[in-house]
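The chain contents come next:
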Amino acid sequence: MLDSKIVRENPEAVAEQLVKKNYIFPVARFNELEALRRDAQILTENLQNERNTRSKSIGKAKAAGEDIQPLLAEVENLGGQLDEAKSKLNDIASDLDDLLLGVPNLPDESVPAGLSEDDNVEIRRWGTPPEMAFDPLDHVALGEQNGGLDFETAAKLTGSRFAVMTGKMARLHRALIQFMLDVQTTEHGYTEAYVPYLVNEDSLKGTGQLPKFGEDLFKVPFGDRQYYLIPTAEVPVTNMVRDEIVDADKLPLKFTAHTPCFRSEAGASGKDTRGMIRQHQFEKVEMVQIVEPSTSWDTLETMILHAETILQKLKLPYRVVALCGGDLGFGAAKTYDLEVWLPGQDKYREISSVSNMTDFQARRLKARWRNPETGKPELLHTLNGSGLAVGRTLVAVLENYQTADGRIIVPDVLVPYMGGITEL
RNA sequence: GGAGGGGUGGCUGAGUGGUCGAAAGCACCGGUCUUGAAAACCGACGAGUCGUAAGGCUCCCAGGGUUCGAAUCCCUGCCCCUCCGCCA
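Counting restarts for each chain: residues are numbered from 1 in the order of the written sequence. Following the order in which they are written, the chains are lettered starting with A and the ligands numbered starting with 1. The predicted nature of this model means local features are confined to residues of pLDDT at least 70 and side-chain atom pairs, given and counted, to a pLDDT of 80 or more, with totals for whole chains, interfaces and linings taken over all residues. The basis for every side-chain value is the complete set of heavy atoms in the structure, and neither hydrogens nor water enter the calculation.

## Description of the pattern of salt bridges
Oppositely charged side chains can pair when the atoms bearing their charge come close. Salt bridge criterion: a side-chain nitrogen from Lys or Arg within 4 Å of a carboxyl oxygen from Asp or Glu. By the definition in use, this model includes 18 salt bridges. For Lys205, the salt bridge identified is with Glu201, shortest N-O distance 3.8 Å. A residue pair is termed a helical-turn pair when its members lie 3 or 4 positions apart in one helix, as Lys205 and Glu201 do in helix α9 (residues 201–207) at four residues. Here the term buried applies to any residue with accessible area under 20% of the maximum for its type, exposed to any over 50%, and partly exposed to those in between, with areas from a 1.4 Å probe on protein chains only. Note on Lys205: relative accessible area 33%, which makes it partly exposed. The shortest N-O distance in the salt bridge between Glu286 and Lys284 comes to 2.6 Å. This pair shows no difference in class: Glu286 is buried, exactly as Lys284 is. Linked by salt bridges that have partners in common, Glu122, Arg125, Arg319 and Glu339 make up one network. Secondary structure elements are taken from DSSP: a helix is a run of H or I of four residues or more, a strand is a run of E of two residues or more, and numbering for both begins at the N terminus.

Below you can see the structure in the form of structure tokens.
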């Protein structure tokens with residue numbers, strides 16, 4: 001959520017910045033609601049003030065043993081007026097709230113202009129796509145050839161966009177998870193977190209998935225409530241600081257968590273239907289940092305390096321791109337994507353996304369820290385990034401480490417996690 | 001699942017219908033003292049929001065209700081603790 005003060009002071013400027021994000025901010029509608037809100041609020045608060053004052057004097061009169069009947073008669077119809085004013089104010093406030101909750105975060109100045117991923121800007125490349133003296137197979141074909149990767153059985157168990165892995169393939173998948181967690185905890189100073197995979201609505205509002213993107217979530221009814229399967233560990237992990245005031249000396253908070261992620265991908269039918277690029281359920285190792293605002297931009301740069309480290313250790317070629325305005329997520333002020341080389345597709349594909357959400361989530365979360373300089377609670381900045389998407393990393397390993405005779409070599413760094421197995 | 005007890009400011013904790021946004025203590029901050037520190041003493045000290053300002057308003061888990069007036073009474077829900085039962 002944006003700072004309503006800033007929006008109020010200069011809605012045109014906000015609208016202008018959001019154009020970059022391909023979002024039309026309804027300035028006229030906002031101004032109209034804002035004016036209504038102001039009037040209604042002033043009226044309501046005046047009435048409340050009157051009620052409070054009169055009630056107090058009734059209390060005094062009663063304590064002094066005076067007759068309070070005439071005073072009671074005076075306040076007779078105050079209640080009705082107040083109820084009416086309140087309900088009017090509530091209606092307006094909730095309209096305004098709905099509007100504001102649907103407004104994305106402002107993009108940072110450094111975010112490139114553009115509408116689609118075609119306008120993303122490449123920042124750097126690492127490694128060289130392997131020269132293969134044969135036609136590389138994609139991971140689906142490799143899975144069929146080697147066994148252990150089975151989409152048909154998964155479709156029987158559940159439906160499309162799920163996978164069953166068995167044997168060495170399943171182990172390789174698990175090895176990747178352990179490897180990633182170990183790197184992030186021992187080399188980059190993250191604290192490992194285990195978190196719930198089902199969360200409540202407040203948590204999803206806090207990180208910005210709700211109210212706007214409910215159709216991408218799997219809902220789980222529970223009694224008369226509604227839980228949701230997490231679409232990313234960002235949700236439970238970032239929400240750990242919801243409604244908290246964090247001591248300055250505890251910052252930055254750095255968490256990493258391995259969780260499954262569940263996405264209904266309502267808007268993506270037809271995209272990447274083959275293989276495990278886009279699944280309803282996938283594993284991810286997530287990095288989250290909760291930082292004091294002055295450091296969040298530096299933190300963004302180090303976090304993308306933390307994600308890159310994994311690919312470097314796996315010797316997988318990749319490139320880093322800065323997302324253009326139109327491709328930025330709802331809550332992100334700036335995002336770097338990490339794209340790994342996939343020989344089977346002959347192109348780079350997203351494997352990680354690292355974002356600075358600035359104070360956008362923190363405001364919704366009421367996640368604050370006490371600034372020693374001011375002594376006051378102030379909003380934190382939140383960042384998150386994949387480190388990395390496990391399924392897609394598995395795909396990258398399979399495709400990049402395939403041999404002409406159909407074997408798959410286990411990357412060196414994973415061998416210890418494979419119990420010494422060196423190929424599939 | 002059964003039976004009880006609770007949820008109050010950064011923390012501990014008092015408050016059971018009216019000058020209570022809330023005692024007290026701790027922590028934090030400013031000061032006195034000190035070579036410096038500690039101790040002691042003095043002072044300040046919840047958050048959010050509206051308003052140009054003066055000054056309001058809201059918030060004692062959440063949502064309803066009673067009342068002129070609710071932290072306090074009633075209802076519902078959530079969460080925590082203790083005991084019993086069951087259980088991966």
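From this point on, the discussion continues.
## Describing the domain arrangement of chain A
How far each domain reaches was decided by an automatic or database domain assignment. The domains assigned to chain A are domain 1 (4–102) and domain 2 (117–418). Each of domain 1 and domain 2 has a C-alpha centre, and these two points are 42 Å apart. Each partner contributes to the interface: domain 1 provides six residues, whereas domain 2 provides 10 residues. Buried area, as used here, totals the accessible surface that two parts lose on assembly, with accessibility defined by a 1.4 Å probe and the loss added over both. Of the roughly 600 Å² buried at the junction of domain 1 and domain 2 (both faces included), carbon and sulfur atoms supply 55%. Looking only at domain 1, the three residues that lose the most surface to domain 2 are Lys21, Leu101 and Gly102, adding up to 79% of its buried area. The interface formed by domain 1 and domain 2 contains zero salt bridges. Nitrogen and oxygen atoms within 3.5 Å of one another constitute a polar contact, given that in protein one can donate a hydrogen and the other can accept it, and given that sequence-neighbouring residues count only through two side-chain atoms. Where domain 1 packs against domain 2, one counts six residue pairs in polar contact (both at pLDDT 80 or more). All residues other than Ala, Val, Leu, Ile, Met, Phe, Trp, Tyr, Cys, Pro, Asp, Glu, Lys and Arg, Gly among them, are scored as polar; the first ten of these are nonpolar and the last four charged. Its residues assigned to classes, the side of domain 1 that touches domain 2 comprises two nonpolar, two polar and two charged. By definition in these notes, contact holds between two residues if any of their heavy atoms fall within 4.5 Å.

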